[in-house]
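# Observations on the three-dimensional arrangement
Chain by chain, the residues run as shown.
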Amino acid sequence: MSVIERAEVFVTSPGRNFVTLRITTSDGVTGLGDATLNGRELSVVAYLREHIVPLLIGRDPQNIEDTWQYLYRGAYWRRGPVTMAAIAAVDVALWDIKGKVTGQPVYQLLGGASRTGALAYGHASGSDLPSLFASIQNHLDQGFKAIRVQTGVPGLGQVYGVASNQKPGERYDYEPARRTSIPTEEAWDSRAYLRHIPTIFAAVREEFGHDLPLLHDGHHRLTPNEAAILGKSLEPYDLFWLEDCTPAENQEALRRVRAQTTTPLAIGEIFNTVFDYQTLITEQLIDYVRSAVTHTGGISALKKIMDFAAIYQIKSGFHGPTDISPVGQAAALHLDLAIHNFGIQEYMKHSEDTLSVFDTSYIFENGLLHPGNNPGLGVGYNEELAAGFEYTQAYLPVNRLQRDGTMHDW
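Rules of the game
- Residue positions within a chain follow its written sequence, with the count starting from 1.
- Owing to the predicted nature of the model, reporting of local features is limited to residues with pLDDT of at least 70; listing and counting of side-chain atom pairs is limited to 80 or more, with chain, interface and lining totals taken over all residues.
- With hydrogens and water excluded, all non-hydrogen atoms of the structure serve as input to the side-chain values.
- To obtain an axis, a line is fitted to C-alpha atoms, over the contacting stretch when the element is a helix, and the angle between two such axes runs from 0 to 180 degrees between their N-to-C directions.
- Each helix corresponds to a stretch of at least 4 residues labelled H or I by DSSP, and each strand to a stretch of at least 2 residues labelled E; elements are numbered beginning at the N terminus.
- In these notes the angle categories are as follows: under 35 degrees is roughly parallel, over 145 is roughly antiparallel, 65 to 115 is roughly perpendicular, and the rest is oblique.
- Whether two residues are in contact is decided by their heavy atoms: any pair within 4.5 Å suffices.
- Classification convention: Asp, Glu, Lys, Arg as charged; Ala, Val, Leu, Ile, Met, Phe, Trp, Tyr, Cys, Pro as nonpolar; all other residues, Gly among them, as polar.
- Each residue gets one of three labels from its accessible area relative to the maximum for its type: buried under 20%, exposed over 50%, partly exposed in between, using a 1.4 Å probe on protein chains only.
- Only strands joined by at least two bridges in the DSSP assignment are considered to pair.
- To form a nonpolar core, buried Ala, Val, Leu, Ile, Met, Phe, Trp, Tyr and Cys residues must be joined to one another through side-chain atoms within 4.5 Å.
- Note: domain ranges come from an automatic or database domain assignment.
- Crossing chirality is assigned from the near helix's rotation relative to the far helix, an anticlockwise turn below a right angle marking it left-handed and a clockwise turn marking it right-handed.
- Whether two aromatic rings pair depends on their centres lying within 6.5 Å, for rings of Phe, Tyr and Trp, where Trp uses its six-membered ring; planes under 30 degrees apart make the pair stacked, over 60 edge-to-face, and the rest tilted.
- In this scheme, the term charge over a ring applies when either NZ of a lysine or CZ of an arginine sits within 6 Å of the ring centre and within 35 degrees of the ring normal.
- Of all possible arcs, the one meant is that of the directions from the helix axis to the C-beta atoms.

Contact geometry for helix 2 (residues 64–74) and helix 10 (residues 298–310): axes closest at 9 Å, N-to-C directions at 90°. In terms of orientation, helix 2 lies roughly perpendicular with respect to helix 10. The segment helix 2 lies against helix 10, with Ile 64, Glu 65, Trp 68 and Gln 69 engaging Ser 300, Ala 301 and Lys 304. A breakdown of the residues in the contact of helix 2 with helix 10 according to their chemical character gives three nonpolar, two polar and two charged.

Of all five residues in strand 3 (residues 30–34), four are buried; the element is thus mostly enclosed. From the end of strand 2 (residues 18–25) to the start of strand 3, which pair antiparallel, there are four residues, and Gly 28 there has a positive phi angle of about 85°.

Moving on to the nonpolar core. Counting 109 residues, the largest nonpolar core has Ile 23, Val 90, Ile 136, Val 149, Val 204 and Ile 299 as the members making the most contacts within it. Looking at this core, the element that brings in the most residues is helix 3 (residues 81–102), giving eleven residues. Formed jointly, this core draws a minimum of three residues from each of two domains, domain 1 (4–105) and domain 2 (109–373). Among residues more than four places away in sequence, those in contact with Val 149 are Ala 124, Leu 132, Ile 136, Ile 200, Phe 201, Val 204, Leu 214, Leu 215 and His 216.

A separate point is the environment of Val 82. Structurally, the position occupied by Val 82 is in helix 3. Linking Val 82 and His 295, residues 213 residues apart in sequence, is a C-alpha distance of 8.2 Å. Setting aside residues no more than four positions away along its own chain, Val 82 makes contact with Leu 37, Ser 43, Val 44 and Tyr 47.

All right, on to the packing of helix 1 (residues 41–56) against helix 2 then. Running from amino to carboxyl end, helix 1 crosses helix 2 at an angle of 145°, the nearest separation of the two axes being 11 Å. Considering only the axes of helix 1 and helix 2, their crossing is right-handed. Contacts between helix 1 and helix 2 involve Ile 52, Leu 55 and Leu 56 from the first element and Thr 67, Tyr 70 and Leu 71 from the second. In terms of residue class, the contact of helix 1 with helix 2 is built from five nonpolar, one polar and no charged.

This part covers the sheet that holds strand 3. The three strands are arranged 1-2-3 in an open sheet whose pairing can be described as antiparallel. Each having just a single partner strand, strand 1 (4–12) and strand 3 make up the two edges of the open sheet. Each neighbouring strand pair of the sheet contributes to a mean axis angle of 20°, computed without reference to strand direction. Helix-sheet contacts for helix 3 involve strand 1, strand 2 and strand 3, and the interaxial angle to strand 3 is about 150°.

Take unusual backbone geometry next. Of note in the backbone geometry, His 220 takes a positive phi value of approximately 65° without being a glycine. Within the fold, His 220 resides in the loop between strand 7 (214–217) and helix 7 (224–233). Look at His 220 and you get partly exposed, because its relative accessible area is 22%. The phi dihedral of Gln 284 falls on the positive side, at around 55°, and the residue is not glycine. Taking relative accessible area as the criterion, Gln 284 reaches 39% and is therefore assigned partly exposed.

Scanning all chains against the criterion turns up 15 aromatic pairs. Ring geometry for Tyr 347 versus Phe 364: centroids 5.3 Å apart, planes at 50°, classification tilted. Of this pair, Tyr 347 sits in the loop between strand 12 (345–346) and helix 12 (352–357) while Phe 364 sits in strand 14 (residues 363–365); the two residues are 17 residues apart in sequence, bridging distant segments of the chain. For the residue pair Tyr 347 and Phe 364, the accessibility class agrees, reading buried in each case. Ring pairs connect the aromatic residues Phe 10, Phe 18, Phe 358 and Tyr 381, which therefore count as one cluster. Directly above the aromatic system of Trp 68 lies the positively charged group of Lys 304, at a separation of 5.8 Å from the ring centroid.

What follows is about helix 2. Of the positions making up helix 2, those classed as buried are Ile 64, Thr 67, Trp 68, Leu 71 and Tyr 72. When helix 2 is viewed along its axis, its buried side chains cluster within an angular range of 125° and face the same direction. Contacts from the buried residues of helix 2 go to helix 1, helix 3 and helix 10. One or two steps after helix 2, the chain reaches Tyr 76, where phi turns positive at roughly 70°.

Set out below in structure tokens:
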């Protein structure tokens, strides 16, 4: 019987910090998992190396569900982003191995394809309307059929989610994680934002028409009442969704938002387990599940969440910017292709350096993503090239409310 013989953890930074788990069986088959936790990468590295890897040696790599339950229950301290990112890496790596052993792409092992490809949305942003329009057109020229729209706010400086100095025809390569030893504090003004955003979507609809699916991310910055105001004010512009309109930890807050607006709601990229969704799903307070395979326990766990969501006609919209490595992105695409309640897939193209380290088989064509038909995930890892990109601390910015021109409350 083949058993897990070795499990190695790699850290590399080809433009972005990534943590990769590679599991090798006694038969020489390898599987990859993405253990990246943006801004807290080394905590997952330590958890894997010191606590998870020793438990894997000698286990049967084919028993994916049994290994998942063993790792989840065996720590006693359940849930949390570090634990679930580590378990996700193991789970995805084992699915990769199973696919290679059977000679099948992972989506075939999940029940086969439910569609020919996964509709993807890209990130467009600008500090003003001309730069925003240029960014939207750039994405349309790349083949995107759905666009997330983010914009600067008059009176504020840099706003998280908005690229600066975007030029017509230039590849959109916004990187929000700043390579500093501490997170940057950004000023925020909810009232100015609530006044400004509806005017932006009115202008975008006027310029690009009403057929283009548009999305927007509030990045958890509003109170429940403010979120309800925003959702209501955006109704005339027919958004595909409004994402993270208010802090997601307070599930009951979405009752207030849902009662006030028909704008579709997406939430969950900071969630780690099905329990974070329990109220949101059973009370139908959201329309889209925003979790990442890499932060929610892997393919096994996220598929269960989507099966639960399907009962309530809630669809997927998996997290997929560049803090998800190509390994994690491929895992999401295999799940996208298989589940029947797919909605849309977030997609930011990785840098050339990243794609030199991670060899991918997934393709983007005519607005759709497909994981490819290689056995397993269809992603390779170049250990030699990866070693040339040294880890550097990087953090996402945090917001502080601005009052009378000064930084104030969180």
